[in-house]
Amino acid sequence: MRYFLSISLLFLAHLALGQEDFTTPLPEGFIPTDFTQRSSFKYNMDVSTISKDDQRFERKSKKKFYLTSNFGIDEFLHSGKVLFNDPITSYLNSVLYEVLKEDQETFQKLRLYAVKSPIPNAFATNNGMIFINLGLLSKLENEAQLAFILSHEIIHYKNKHVVNRYVTNAEITRGKGEYNKFSQDQQHIARSSFSKELELEADTEGLSIFNNTRYKKDSIQQIFDILLTADQLLLQREFTYSFLEDGRYNFPTKYKLEDIEIYSANENYNDEKSTHPNSGTRKSNILSLLSNSGQSGKEFIISESKFYEVKALATQELCRQYLLTHQFAEALYLAYDLLDTYPNSLYLKKTIAKALYGHAVNKDSEEETENEPVIVSASLQKINYLLEELSLEDRLVLALKNTYELYHENPNDEELKLMTQDLVDRLKSEDKNIENKLFNKEGHFNSHAFDAITGKEELRKSFKTRAKKPTSRKRSRKKKKPAKINKTLVINPLYIKIDERKKNAVRFADSEDVLVGMTAKVHKASQRLKMKNAYINTNSINRNDIEEFRNHAVVNEWLSEKFMASDSSKISPIHNELKAVIDSYGVNHITWMGAVSVTQKVKGKGILIGTAILMPVLAPISIVGLFTPDRDTIYLSLTFNADTERVVSADVRKMNLKDSESLLQSNIYYSLFKLKHGK
């Protein structure tokens, strides 16, 4: 069954509050303990629950699981994607409470958070956290379906599925017991089979929880149809090329897709190597159990209007998330569809401009990727084909047309201004005669791109006044002296300690100890240099530091997208959000720094032992070499200008030395010294 994301658009239009001026949801209120407790503390608490009656291999596997999962989950909690105490998460928790009304003991053990991710997924952790991605919430049709998904995740937690899956997978990989002599392919199938068993168990026992609620039982019949195409953007509004065209500016026929691929979803697909049973199997299992459950109940208990409100918030946030993950065609299509509901939304109009800009300037857009996913939506096929077939110049012109029109209407918008300037610079770099081609010559469809726009002459002047920007292939040979920076915002530092001699090479606890004290080291160096730096370090926060955590959420999303971009000079889709954070600290630069300490295995042990035996006189030297591993410390620091988003200082050093407090302190001092004195 084809599921349409934009269900009841008119209903959404009346129910959603303030959607014309959408802003991204952020965490609110007191910071939960999950975010403030140290990972090492959580790890030790989990280890204390391991039974002495467990077999040795199982105990070791559980310890490794608790180590990697606690530190990994905490990194995720601090990614800037996880929401708490906001309207979406508050509503989700209301539904969770309704589901567990008769089981308050379990409810008190659970913590539910929304996640700003377009991936349609939900998952539970071993220690009682449940995460619902906005990508999944945007697909659901009613509150009852959400209640069933929560019931499913509750079983994953109660039955300890996460740790059990990890231990069993370890047994399969190591060939323990019945898995002895399994081939790699057999191991893969065995892991898949066990995972599917757990999913069916969560469905079946989750339904028992759901049946004890007041929700309408047959409301969940469509869930598995929804999940079957959940990774697809299936919208009601059909994309038309005329939306991007204007007057005589029309795309040539060769850019318009004629042969639309028609796909039909097969719910009984081959799931032999999948972690989940296919939708047909899951649906049949649930329907057989539902037949005895009755049809009484309600689709909405907490609030129908609230459900559609949070669904609208989630759906609009997906536009932003698609931009941050460089899914530009999806961002464009979703914003295009939502404009039917919110025709005056500047946020949606800017999303389209940002999508066209991002695709035009992102070098990855020019590269073909293998095993591209199937696109079911005919409209999305058309958009993808158009964007892929346009030449670089065509893409830049299309992006400039849309961006400049919005900028002319909103001259105080910094994002639109920077994108316009960047597009003009890139066009001039591609073709020195571009102004003549766009404003004088006839024949090419690009020459009509700006015929109907207001402010055409102002745009033309910008081609004359903007300095030519060197491309990556034509770098300016003249080096510009770095500016002197007396204050910067130092954001969440990085520190990783790796010891290749150990089975668990990444030394999580040791790394955490250093990270917690990094801000103090930066502050000490700043005081010595008389710099007025600001700091964000969520590795050492308390429940009252909500403003710092909110600021970190924005900066971390910005930094993640910056590292993903193939061109570091690209303007971020959340530039205005970043600037608001930076301005609140009274600085104009952002500095990210960190270190990686690596202890390598001793190389050439056999040679050293042989030398000691054959040449006893050299034995003392050989023995020292035998027990002296190679140690490397890589230190890095990047500073960005928040106005231009360009790197103004990059400091990377590799030292063949063991990391130490004093070494880290001296490197921090040296990087800040270079910033202050423009070195």
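In what follows, the structure referred to is the one given above.
A brief structural summary. Sequence positions are assigned chain by chain, starting from 1 and proceeding in written order. The predicted nature of this model means local features are confined to residues of pLDDT at least 70 and side-chain atom pairs, given and counted, to a pLDDT of 80 or more, with totals for whole chains, interfaces and linings taken over all residues. Remark: hydrogens and water are excluded; side-chain values derive from all non-hydrogen atoms of the structure.

## A short note on the nonpolar core
The criterion, for reference: As used here, the term nonpolar core means buried Ala, Val, Leu, Ile, Met, Phe, Trp, Tyr and Cys residues forming a set that is joined through side-chain atoms within 4.5 Å. Note on exposure labels: buried denotes an accessible area under 20% of the residue type's maximum, exposed denotes more than 50%, and partly exposed covers the range between, all computed with a 1.4 Å probe on protein chains only. Note on conventions: DSSP H or I runs of at least 4 residues are helices, E runs of at least 2 residues are strands, and numbering of each starts at the N terminus. Contact definition: two residues touch when any of their heavy atoms are within 4.5 Å.
Counting 109 residues, the largest nonpolar core has Leu92, Phe251, Leu400, Phe450, Leu459 and Phe463 as its most contacted members. Ranked by residue count, the leading element in this core is helix α13 (residues 304–324), at ten residues. Excluding its chain neighbours within four sequence positions, the residues that come into contact with leucine 400 are Thr420, Leu423, Val424, Leu427, Phe450, Leu459 and Phe463. Grouped together as the second largest cluster of nonpolar side chains are 22 residues, Ile491, Val555, Leu578 and Ala642 included.

## Quick notes on the environment of serine 379
Relative to the assigned elements, serine 379 resides in helix α16 (residues 378–389). When its relative accessible area of 5% is taken as the criterion, serine 379 is described as buried. Sequence separation between serine 379 and glutamate 238 is 141 residues, and the spatial gap between their C-alpha atoms is 5.8 Å. Beyond its immediate sequence surroundings of up to four residues, serine 379 is in contact with Arg237, Glu238, Phe239 and Tyr333.

## Quick look at the sheet that holds strand β3 (residues 122–124)
Our working rule: Note on pairing: DSSP must find at least two bridges between two strands before they are called paired. Working convention: axes come from line fits to C-alpha atoms, limited for helices to the stretch in contact. Angles between N-to-C directions cover 0 to 180 degrees.
Read across the sheet, four strands follow the order β1-β2-β4-β3 without closing on themselves; strand pairing throughout is mixed. Strands at the two margins of the open sheet, each flanked by one partner only, are β1 (82–83) and β3. Of the strand pairs in this sheet, β1 and strand β2 (residues 111–115) are connected by two bridges, and their pairing is antiparallel. Considered in β2, the bridge of leucine 83 is made with alanine 114. Packed onto the sheet, helix α4 (residues 56–77) meets β1, β2, β3 and β4 (129–133) and runs at close to 45° relative to β4.

## Some thoughts on the sheet that holds strand β9 (residues 647–655)
Read from one edge to the other, the open sheet built from five strands follows the order β6-β5-β7-β8-β9, with strand pairing classed as mixed. Looking at strand neighbours, the two that pair on one side only are β6 (534–535) and β9, the edges of this open sheet. Here two bridges tie strand β5 (residues 489–499) to β6, and the two strands are oriented parallel to one another. Counterpart to valine 490 in the pairing with β6 is tyrosine 535.

## A few points about the pattern of salt bridges
Inclusion rule: Basic side-chain nitrogens of Lys or Arg form a salt bridge, by our definition, when they fall within 4 Å of a carboxyl oxygen of Asp or Glu.
Taken as a whole and judged by the stated rule, the model has 44 salt bridges. Between arginine 38 and glutamate 512 there is a salt bridge; the shortest N-O distance is 3.5 Å. Taken together, the positions of arginine 38 in the loop between α2 (33–36) and α3 (39–47) and glutamate 512 in helix α21 (residues 508–516) put the pair 474 residues apart, joining distant regions of the chain. Take arginine 38: its relative accessible area is 34%, and that puts it in the partly exposed class. The closest approach of N and O atoms between glutamate 415 and lysine 350, which form a salt bridge, is 2.6 Å. Of this pair, glutamate 415 sits in helix α18 (residues 414–430) while lysine 350 sits in helix α15 (residues 346–361), placing them 65 residues apart in sequence. As far as the burial class goes, glutamate 415 and lysine 350 line up, both buried. A network of salt bridges, in which partner residues are shared, links Lys81, Lys116, Glu317, Arg320, Glu557 and Glu577.

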